[in-house]
Amino acid sequence: MKLNRRDALAATVAGTVGGIVSGAGVMTGSAQAEVKENKSTIRYCLNTSTIREKKLPIERIVELAGAVGYDGIEPWIRELEAYKESGKSLPDLKKKLADSGLRVESAIGFARWIVNDNAERAKGIEQMKRDMDLVEAIGGKHIAAPPVGMHGKDSPDLDLFAAAERYHAILEVGRETGVTPQVEIWGPSKNLSRLGEAVFVAVESGHPDACILPDVYHIFRGGSSFDGLGLLSGNAVHCFHFNDYPATPARLEMNDSNRVYPGDGVAPWDQILGLLSSIGFSGAVSLELFNKEYWKQDPELVMKTGLSKMKSVFAKQNS
């Protein structure tokens, strides 16, 4: 798809993207009531990275997540591939998820859909389609679309208009498979490290299914202000990665392993949750951690603790 680079912003902000950016102004009474109702529709999700190093099979993670009380799960594509390659049935896993009361809120894959090389990007789009097929087979509707291949420190600067065209291409693949890719922010990345860059790519894609996948740690690590969340539409955020970060080390010295449970760090939760409420966010908050100390602990304990911590930050904000 070739975008008209001079006119794209005006066209998309006028409404062709399906509500990435929210309207400004004072909320009416009915809008306030809707936001209040949305608070009760937040779903709690487990990203399987949180207990990754125990290497539990995906079906066991599903059992534990359901028993602990999560509403959903966010698996990694490699877990689904391993499950399928072992000879097990994806429809059986879909049934197990349903029996456990779990939704597949999103999934984590690493297709190179955004790179500059045409041949490599074509392979990346094919990989994205295969990943989407796995997610669809277990009942999922969304998948992460991070800037893989354009994230390293030696990567070239990314033309965001080109990235928007490439995002449009995988959104079209998503239309075919029934699984929508979400532009994911990676704070330490050379490209798409900031909230505004991800929103730009989504808006300029000119596609009605465009959406983003934010992350508390990544927004901070990339240097964006959380105030930017207030400019979004809740409909453009289906899943939000929840985690926290400590006061030290310094921002630019942090890595994924520094993430801690929500509420155990210095993230401004009153601000974050207040903004999510104001934009009508009613999707899934997914606990995504890579903390090496947590990995050493009993997975069920970590899952219980994480769920309790997420609920606690909401309880404090609503009290």
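What counts and how
- Residues numbered from 1 in each chain as written.
- Predicted model: local features only at pLDDT ≥ 70, side-chain atom pairs only at ≥ 80, totals over all residues.
- Heavy atoms only, no water.
- Pairing = 2+ DSSP bridges.
- Helix = DSSP H or I, 4+ residues; strand = E, 2+ residues; numbered from the N terminus.
- Salt bridge = Lys/Arg side-chain N within 4 Å of Asp/Glu carboxyl O.
- Buried < 20%, exposed > 50% of the residue type's maximum accessible area, 1.4 Å probe, protein only.
- Lys, Arg positive; Asp, Glu negative; His and termini not counted.
- Contact = heavy atoms within 4.5 Å.

Draft legend 1. The sheet that holds strand E8 (residues 284-287), seen in detail. Here we have 5 strands laid out as an open sheet, ordered E3-E2-E1-E8-E7, and parallel in their pairing. The outermost strands of the open sheet, each flanked by one partner alone, are strand E3 (103-104) and strand E7 (239-242). Note: strand E1 (residues 43-47) against strand E2 (residues 72-74), 3 bridges, orientation parallel. The residue of E2 that forms the bridge with Cys45 is Gly72.

Draft legend 2. Inspection of the pattern of salt bridges at higher detail. Per the stated rule, a full pass over the model turns up 18 salt bridges. A salt bridge links Glu59 to Lys88; the nearest nitrogen and oxygen atoms lie 2.4 Å apart. Of the two residues, Glu59 is situated in helix H3 (residues 58-68) and Lys88 in the loop between helix H4 (77-85) and helix H5 (90-99); the sequence distance between them amounts to 29 residues. The buried category is assigned to Glu59, whose relative accessible area is 17%.

Draft legend 3. Region of the structure containing unusual backbone geometry. At the junction of Thr248 and Pro249, the peptide bond is cis and its omega measures out at 5° in the coordinates. In this fold, Pro249 is placed in the loop between E7 and helix H10 (269-278). One non-glycine residue, Lys55, lies in the positive phi region at around 55°. Within the secondary structure layout, Lys55 lies in the loop between E1 and H3. Lys55 gets classed as exposed once you look at its relative accessible area, which sits at 63%.

Draft legend 4. Layout of the side chain of Arg121. For Arg121, the position within the fold is in helix H6 (residues 118-137). It is Asp117 that comes nearest to the buried, bridge-free Arg121 among opposite-charge side chains, at 7.1 Å. In this structure Arg121 touches Arg112, Trp113, Ile114, Val115, Asn116 and Arg166, once residues within four positions along its chain are discounted.

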